[in-house]
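# Observations on the model geometry
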Amino acid sequence: MGDGIEAEGITRSRGGLAVLDSISFSLAAGSLTAVVGPSGCGKSTLLEIIAGLGEQDEGTVSVGSSDGAGERLERCAWMPQRDCLLPWMSALDNACLPLVNRGMGRSRAREAATDTFVRVGLEGFESYLPGRLSGGMRQRVAFARTLLSGKGVMLLDEPFASLDGITRAELQEWIGPLLAEEGRTTILVTHDLDEAIYLCGRVIVLSPRPARVVAVVDAPDTEGVERLEAIASPEFIEAHREVAGHLRAGAGS
Ligand code: ADP
Ligand code: MG
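Now for a look at the structure at hand. Small disclaimer: the values here were computed from a predicted structure and weren't measured.

## Examining the site of ligand 1
All residues adjacent to ligand 1 are Arg14, Val19, Pro38, Ser39, Gly40, Cys41, Gly42, Lys43, Ser44, Thr45 and Arg209. Here an oxygen atom of ligand 1 and a backbone polar atom of Gly40 are 2.7 Å apart. Between an oxygen atom of ligand 1 and a side-chain N or O atom of Thr45, the distance comes to 2.5 Å. Coverage of ligand 1 by the protein amounts to 62% of the 560 Å² it exposes when considered alone.

## Points about the pairing of strand β7 (residues 185–189)
Across the 5 residues that make up β7, a large majority, 5, are buried. In β7, alternate side chains face the same way, and those of Thr185, Ile187 and Val189 on one face and Thr186 and Leu188 on the other are all buried. Two elements, strand β3 (residues 32–36) and β7, share 4 bridges in a ladder whose sense is parallel. Residue pairing for β7: Val35 is matched across the bridge by Val189. Looking at chain direction, strand β6 (residues 153–157) and β7 are connected through 5 bridges and run parallel. If you follow Leu155 over to β7, its bridge partner there is Ile187. Between the parallel elements β6 and β7, the chain passes through helix α6 (residues 165–182) in a crossover that is right-handed.

## With respect to the sheet that holds strand β1 (residues 5–14)
With antiparallel pairing, 3 strands are arranged side by side in an open sheet as β2-β1-β4. Each edge of the sheet is formed by a strand with only one pairing partner; in this case those strands are β2 (17–27) and β4 (58–63). This sheet shows a mean twist of 25° between the axes of neighbouring strands, independent of strand direction. As paired elements, β1 and β2 share 7 bridges and run antiparallel to each other. When the bridges of β2 are listed, Ser13 appears paired with Ala18.

## Observations concerning the layout of surface pockets
Considered as a void within the structure, the largest pocket measures approximately 400 Å³ in volume. Trp78, Pro98, Asn101, Ser149 and Lys151 are the residues nearest the centre of the largest pocket, which is lined by 16 residues in total. Elements represented by at least two residues in the lining of the largest pocket include exactly β5 (76–79), α3 (91–101) and α5 (135–148). No other element matches β5, which puts 4 residues into the lining of the largest pocket. Grouping the constituent residues of the lining of the largest pocket by class yields 10 nonpolar, 3 polar and 3 charged. Of the pockets and cavities examined, the second largest pocket occupies roughly 260 Å³. What lines the second largest pocket is a set of 15 residues, and nearest its centre among them are Gly176, Ala180, Tyr198, Thr222 and Glu223. When contributions to the lining of the second largest pocket are tallied by element, the ones reaching two or more residues are α6 and α7 (193–199). Sort the elements by how many residues they give to the lining of the second largest pocket and α6 lands first, with 3 residues. Looking at the lining of the second largest pocket residue by residue, the class counts come to 9 nonpolar, 4 polar and 2 charged.

Conventions and cut-offs
Residues numbered from 1 in each chain as written. Chains lettered and ligands numbered in written order. Predicted model: local features only at pLDDT ≥ 70, side-chain atom pairs only at ≥ 80, totals over all residues. Heavy atoms only, no water. Near = heavy atom within 4 Å. Polar contact = N/O pair within 3.5 Å; in protein donor to acceptor, adjacent residues only side chain to side chain. Areas by Shrake-Rupley, 256 points an atom, 1.4 Å probe, with all protein chains shown as cover. Buried < 20%, exposed > 50% of the residue type's maximum accessible area, 1.4 Å probe, protein only. Helix = DSSP H or I, 4+ residues; strand = E, 2+ residues; numbered from the N terminus. Pairing = 2+ DSSP bridges. Right-handed = clockwise from strand over helix to strand, strands pointing away. Axes fitted to C-alpha atoms, helices over the stretch in contact; angles between N-to-C directions. 1 Å grid on protein atoms, 1.4 Å probe; cavity = no way out; pocket = protein on both sides within 12 Å on 5 of 7 lines; lining within 4 Å. Points joined across faces, edges and corners; volume = space filled by probe spheres on them. Nonpolar A, V, L, I, M, F, W, Y, C, P; charged D, E, K, R; others polar.

Put into structure tokens, the structure is as follows:
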């Protein structure tokens, strides 16, 4: 499952400010790619354009064989930084929303979502309202909702940024195997370089606004390796140093 993503010379201004400066990349179907860059450089703007929620001023972007914004929106699921759960709906019903929005009846949707709910580690919490769940569990519900959209492309915008370090590490360990199993084309925007290198096969490094691609760094294969062990390996430390160096160089130029 999944579509490849091709971006060619994407340029965008917002409110008179140049935000994206000729961004190009090519992501294979089913690949996991991290995007890192300074705050405000244009990462969310880039995801919005890929998802067809915003328009570029120049350049082209395609998801699978689709290059129109409406068709891209059909193919991409977007997980925003804020979990955006509806506070009056149970955890399971929140996760079911994409199914219900496609016209499935509520009880069939609940049934169809049960497996996914178990896979994200939320068995037993089906009837909880979001207000009774921890931040980490809310992100699990939001991720279940993203999976249940059934889209071939997942755009994850800093999904763990608001969590404490321990919960974030726990969620990284949890989501790694899930992403690998799913085989969907995934872009993960994150500030956490270890998260980027641990979870993704490649890391795209952006400069401060207007964002340009400073470097694309291959990450060592960490599939099946425990997080603490992976991040202590020499190849991992080298990749971390390389990404951090490009970030610094991008900021200095
Ligand atoms: P990032 O996700 O990398 O932190 P964003 O893509 O959210 O950055 O924003 C990039 C830049 O675009 C920001 O520096 C901000 O000034 C500008 N921007 C973001 N949203 C809007 C908006 N709705 N209207 C005008 N400018 C915006
Ligand atoms: Mg952002």
